[in-house]
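Below, each chain spelled out in residue letters.
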Amino acid sequence: MTVRRALIIGLAAASAVFIALQLADGWSRISGSPLPGSLPIAGAVVLLGLGQLAIGEAMVALGAGSGTPGDRRWAFHVTQPAKYVPMGVAHAAGVVTALVSRGIPRLPAGVLWAVHTGSLVVVGVSLGLIGSSSFGWPTAIALLGICVPVCLDRRVLTFVLAQAGRFAEVLKRPTLVPPQGQLTRCGVLAAAGVLLHGLAYALLVDASGIDDTPAAAVAAYCLALGVSIATPLPGGLGAREAILLALSSTPAGEALVPIVLVRLLLVGVELVFWVVASSRRPGSSTESAITPT
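Cut-offs used in this document
Residues numbered from 1 in each chain as written. Predicted model: local features only at pLDDT ≥ 70, side-chain atom pairs only at ≥ 80, totals over all residues. Heavy atoms only, no water. Helix = DSSP H or I, 4+ residues; strand = E, 2+ residues; numbered from the N terminus. Buried < 20%, exposed > 50% of the residue type's maximum accessible area, 1.4 Å probe, protein only. Areas by Shrake-Rupley, 256 points an atom, 1.4 Å probe, with all protein chains shown as cover. Axes fitted to C-alpha atoms, helices over the stretch in contact; angles between N-to-C directions. Parallel < 35°, antiparallel > 145°, perpendicular 65-115°, else oblique. Left-handed = near helix turned anticlockwise from the far one by under 90°. Contact = heavy atoms within 4.5 Å. Expected span 1.5 Å × (residues − 1). Core = buried A, V, L, I, M, F, W, Y, C linked by side-chain atoms within 4.5 Å.

Scanning the chain from N- to C-terminus turns up 11 helices and 0 strands. Scanning the chain from its N terminus toward the C terminus, one meets helices and strands in the order α-α-α-α-α-α-α-α-α-α-α. For the chain, buried positions account for 48% of its 293 residues. For the chain, the accessible surface area stands at approximately 12800 Å², while carbon and sulfur atoms represent 71% of it.

To describe two helices that pack against each other, one gives the angle between their axes and the distance between the axes. Running from amino to carboxyl end, helix 5 (residues 106–130) crosses helix 8 (residues 180–207) at an angle of 55 degrees, the nearest separation of the two axes being 9 Å. Looking at the two axes, helix 5 sits oblique to helix 8. Here the hand of the crossing between helix 5 and helix 8 comes out right-handed. Here V115, H116, S119, L120, V123, G124 and L127 of helix 5 lie close against helix 8, whose contacting residues are L183, C186, G187, A190, A191, V194 and L195.

Let us now look at helix 9 (residues 214–229). Taking 1.5 Å per residue, 16 residues should reach 22 Å; helix 9 reaches 22 Å between its end C-alpha atoms and fits that length. Burial within helix 9 is extensive, with 12 of its 16 residues counted as buried. Looking at helix 9, one finds that the buried residues are A216, A217, V218, A219, A220, Y221, C222, L223, A224, L225, G226 and S228.

Moving on: the nonpolar core. Ranked by size, the top nonpolar core spans 70 residues in total, and within it L48, L99, Y201, Y221 and L244 carry the most contacts. Of all the secondary structure elements, the ones that give two or more residues to this core are helix 2 (38–61), helix 3 (69–78), helix 4 (89–100), helix 5, helix 8, helix 9, helix 10 (239–247) and helix 11 (252–279). Ranked by the residues each element gives to this core, the list is headed by helix 11, at 12 residues. With sequence-adjacent residues up to four places away left out, Y221 is seen in contact with V194, H197, G198, Y201, R240, L244, V262 and L266.

Printed below as a string of structure tokens:
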């Protein structure tokens with residue numbers, strides 16, 4: 001057995017265990033509470049699915065030196081379960097391993113993962129701060145949110161990479177940073193995906209009879225998602241829920257239902273895409289064939 005094969009099997013096993021734990025824990029927390037009707041749940045699933053597609057296409061948009069669009073699309077969806085393994089290292093390793101199996105060099109693959117992940121943090125925090133007036137926060141904070149996307153400017157990323165190159169010579173390659181057009185498309189698609197997920201949460205909040213306005217629910221979800229992705233917690237679990245609880249105007253017991261339910265539905269959507277991606281692996285690559293998870 002090769003080292004890569006052993007890594008893939010280990011990631012698959014760890015992902016399965018932690019996803020099972022997340023699903024069991026989440027369901028145990030809301031199983032005794034009244035749930036929204038089937039129609040709002042179905043609507044939330046559709047919004048989450050569309051959002052997941054948009055977030056995946058954000059990775060596809062970062063094309064410089066990172067294989068074909070099909071390679072990047074497949075690598076995104078087939079490695080989503082790994083993000084539920086604590087510390088976040090498993091997800092990064094999964095994406096890089098999947099891309100390397102497609103003949104993509106390890107360093108560009110790692111940069112692709114980092115830029116895509118960073119874009120989700122940037123757009124999530126930006127959208128959350130822009131809508132923060134719905135929480136009663138000062139207008140100045142919303143103005144700050146407008147400035148956050150400057151982090152996706154190629155000049156900023158090139159500067160960051162140059163500074164990192166002081167510690168790792170291999171990073172002193174400006175060509176590793178995608179062109180501005182690709183960064184912009186990635187940011188727009190990531191923002192669309194995050195907003196769709198936020199709308200799914202807002203739909204469940206409304207269907208649960210919670211008084212939070214749709215704007216407040218969407219902004220809260222965007223902010224919680226952006227902050228949670230930057231944490232080492234499995235899939236942001238814990239951080240995202242804590243922020244949503246803190247920003248909700250409803251007592252924790254009532255607010256917990258849509259918060260946990262949107263998480264469970266998202267895991268389900270991600271698993272459906274994983275099954276599809278696993279069964280529709282792109283054509284042969286220059287590397288030996290494997291089936292990562």
